[in-house]
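# A closer look at the structure
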Amino acid sequence: MKNIFTTLLLSVAALGAAAQTPGFTVNGHIGNLDGQKVYLSYMTEGKDHTDSATLVNGEFHFKGSMNPYSSVRLALDHKGLGREIATHGGDVIYFHFGNETLNISSKDSLENALISGSKIYDEYAAYAKAVGPMPWDIDKISNAEIAAAPELVNDTAFTNQVARHHYKMIADFQVKNLEFAKTHPNSYFAPVALFGTAANDRTVTTAEEVFKTFSPEIQATDNGKIIKEFIAAHYRLKIGGPAPVFTQVNPAGKPVSLANYKGKIVLIDFWASWCSPCRQEIPNLVNQYKMYKDKGFEILSVSLDNSRDKWLKAVQQEGMAWPQVCDLNGQNNKAAVLYGVSAIPATFLVDRDGKLISTGLRGEELNKKLAELFKN
């Protein structure tokens, strides 16, 4: 269940807004820890940034610059297992702050830390209190429910109960976010609160109406621009209408365009090496590609990675023998923005004339649709 919501967390963490100021400083003190690493991740000007620091007598420090503020992920590697493990399920905290001095203090962990010194963080904390628990908190609650009853982990009734509770908390979170966006139109976190509503094709028109109530200043923020993109994508992507054409480079550095595949049925597959649900689906794609590639079926996989090495390693590991492209802009991949992708995996099926057939097909639903299309 944890991996299902990883993409949602990363999608929320990609947001930022406000006015340009100098730089930021993070001063941390975590008990008497010594030698452990802390990893900092944030996004500015459409690019992911990562940094690390080593604790010395409990202290660590970061310096950098954001344009103008960002959602931040801090992960403390207590056991020396490396950044990937530390940032996916370890001692991790998420929050917003900007070009300010942020102070973090705890006796033992980031999870129990007190944070001070940032007006943006204080505003974020007020937003989080209004809409909480946040998705990562919901994730922890569900994992704790499962961990509390290990003898029932294979009990379908129990796991369904946990899942229902999980999805109810997510649904409540979305309702509270929409209410926050409606009642705080001048808050920099209003577009953040509107993200889930705007990213859902069934509710994007509601988001459009709420967005109109935001002040011009808020609409013009980076977060506001993201909401605009979701709204625009909703009107661009109509079943039976033309699939937006894009061009990105393949592993050899050569441009590949969706327009090159006219005359074929094309599955546009948005994925990333770090996305577990994406990689769980790949074996099925491998099988479907083998079945239909000689009948006019093509897959065009668009990676939301920002590391070329990790992208290509995953392609090789998974045996993805179809066209691969990536602009290394991570969550801000231009094709993903064009298609209004807020979470991965995301798929778009395109017919031989370049028109959109369906969206969101995976697993058996995808298999049935392909069998229908290639039955002759």
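The text that follows walks through the structure, step by step, so that each part is easy to find. Keep in mind the model is a prediction, meaning the values are calculated, not measured.

## Focus: the overall build of the protein chain
What the protein chain contains, in helices and strands, is 13 helices and 15 strands. Here the C-alpha atoms of the protein chain give a radius of gyration of 22 Å, agreeing with the 21 Å that 2.2 N^0.38 yields for 376 residues. Dimensions of the protein chain, computed from the C-alpha atoms along their principal axes, are close to 70 × 50 × 45 Å. Residues counted as buried form 51% of the 376 residues belonging to the protein chain. When contacts within the protein chain are restricted to residue pairs at least 6 apart in sequence, those whose partners lie at least 24 apart make up 66%. Summing over all exposed atoms, the protein chain offers an accessible surface of approximately 17,600 Å²; the carbon and sulfur share of this is 53%.

## Regarding helix 13 (residues 363–373)
Quick reminder: α-helices carry 3.6 residues per turn. Residues three or four places apart thus point the same way. For helix 13, every residue scored as buried is listed here: Gly363, Leu366, Asn367 and Leu370. With its buried residues spanning 100° around the axis, helix 13 presents them on a single face. Exposed residues lying more than 90 degrees from the buried face of helix 13 are Glu364, Glu365 and Lys368. Each element contacted by the buried residues of helix 13 is listed here: strand 11 (265–271), helix 10 (276–292), strand 12 (297–303) and strand 14 (346–350).

## Notes on the pattern of salt bridges
In total, this model carries 9 salt bridges according to the counting rule given. Two residues, Arg236 and Glu229, come together in a salt bridge whose shortest N-O distance is 3.7 Å. Ionic pairing is found between Arg279 and Glu318, a salt bridge with its closest N-O pair at 2.8 Å. One end of the pair, Arg279, is in helix 10; the other, Glu318, is in helix 11 (residues 308–318), and 39 residues separate them in sequence. For Glu318, a relative accessible area of 21% puts it in the partly exposed group. A single network of salt bridges, built from pairs that share partners, joins Arg83, Glu84 and Lys310.

## Here's the deal with the sheet that holds strand 5 (residues 69–77)
The strand order across the open sheet built from 4 strands is 3-2-5-6, with neighbouring strands paired in antiparallel fashion. Every other strand in the sheet has two partners, leaving strand 3 (47–54) and strand 6 (91–98) as the edge strands with one partner each. Going across the sheet, the axis of each strand differs from the next one's by a mean of 20°, ignoring polarity. As defined by bridge partners, strand 2 (residues 37–44) adjoins strand 3 across 8 bridges and the pair is classed as antiparallel. Each bridged residue has a counterpart across the sheet, and for Val38 the counterpart in strand 3 is Ala53.

## Details of the packing of helix 3 (residues 119–131) against helix 5 (residues 156–183)
With their axes 8 Å apart at the nearest point, helix 3 and helix 5 run at an angle of 130° to one another. Comparing their axes, helix 5 and helix 3 come out oblique. Across the interface between the two elements, Tyr127, Ala130 and Val131 of helix 3 pack against Phe173, Lys176, Asn177 and Phe180 of helix 5. Broken down by class, the residue content of the contact of helix 3 with helix 5 amounts to 5 nonpolar, 1 polar and 1 charged.

## A few points about the packing of aromatic side chains
Under the definition given, this model contains 22 aromatic pairs. A centroid spacing of 5.9 Å and a plane angle of 65° characterise the contact between Phe60 and Phe62, whose relative ring orientation is edge-to-face. With respect to class, Phe60 is no different from Phe62; both count as buried. Here a set of aromatic residues connected by ring pairs shows up, and it is made of Phe24, Tyr42, Phe95, Phe97, Tyr121, Tyr124, Tyr127, Phe180 and Phe189.

## Let's talk about the nonpolar core
Residues Phe60, Phe95 and Ile104 are the most contacted members of the largest nonpolar core, which totals 60 residues. Setting aside chain neighbours within four positions, we find Ile104 in contact with Val26, Asn27, Gly28, His29, Ile30, Phe60, Leu74, Phe95, Leu110, Ala113, Leu114 and Ile115. Grouped together as the second largest cluster of nonpolar side chains are 48 residues, Val286, Leu304, Trp322 and Phe348 included.

What counts, and at which threshold
- Numbers given for residues are sequential positions, taken from 1 along each chain in its written order.
- The model is predicted, so local features are restricted to residues of pLDDT at least 70 and side-chain atom pairs to those at 80 or more, both for listing and for counting; the totals for chains, interfaces and linings are taken over all residues.
- Note that water and hydrogens are dropped before the side-chain values are worked out from all heavy atoms of the structure.
- Secondary structure follows DSSP: runs of H or I at least 4 residues long count as helices, runs of E at least 2 residues long count as strands, and numbering of each begins at the N terminus.
- Computation of the radius of gyration draws on C-alpha atoms, with the globule rule given as 2.2 Å multiplied by the number of residues to the power 0.38.
- For each residue, the accessible area found with a 1.4 Å probe, counting protein chains only, is set against the maximum for its type, and the residue is called buried under 20%, exposed over 50%, and partly exposed in between.
- Residue contacts are defined here by distance: any two heavy atoms, one from each residue, within 4.5 Å place the two residues in contact.
- Working definition of accessibility: Shrake-Rupley area with a 1.4 Å probe, residue cover restricted to the visible protein chains.
- Taking the helix axis as origin, the arc is that swept by the directions to the C-beta atoms.
- Whenever Lys or Arg places a side-chain nitrogen within 4 Å of a carboxyl oxygen from Asp or Glu, that contact is recorded as a salt bridge.
- Any two strands are treated as partners once DSSP identifies two or more bridges connecting them.
- Here an axis means a line fitted to C-alpha atoms, over the contact stretch when the element is a helix, while the angle between two N-to-C directions is reported on a 0 to 180 degree scale.
- Each angle receives one of four descriptions, namely roughly parallel if under 35 degrees, roughly antiparallel if over 145, roughly perpendicular if within 65 to 115, and oblique otherwise.
- Gly counts as polar in this scheme, as do all residues outside two lists: the nonpolar Ala, Val, Leu, Ile, Met, Phe, Trp, Tyr, Cys and Pro, and the charged Asp, Glu, Lys and Arg.
- Centre distance within 6.5 Å is the pairing criterion for rings of Phe, Tyr and Trp, where only the six-membered ring of Trp is used; planes under 30 degrees apart are then read as stacked, over 60 as edge-to-face, and the remainder as tilted.
- Joining through side-chain atoms within 4.5 Å is the link that ties buried Ala, Val, Leu, Ile, Met, Phe, Trp, Tyr and Cys residues into a set, and such a set is a nonpolar core.

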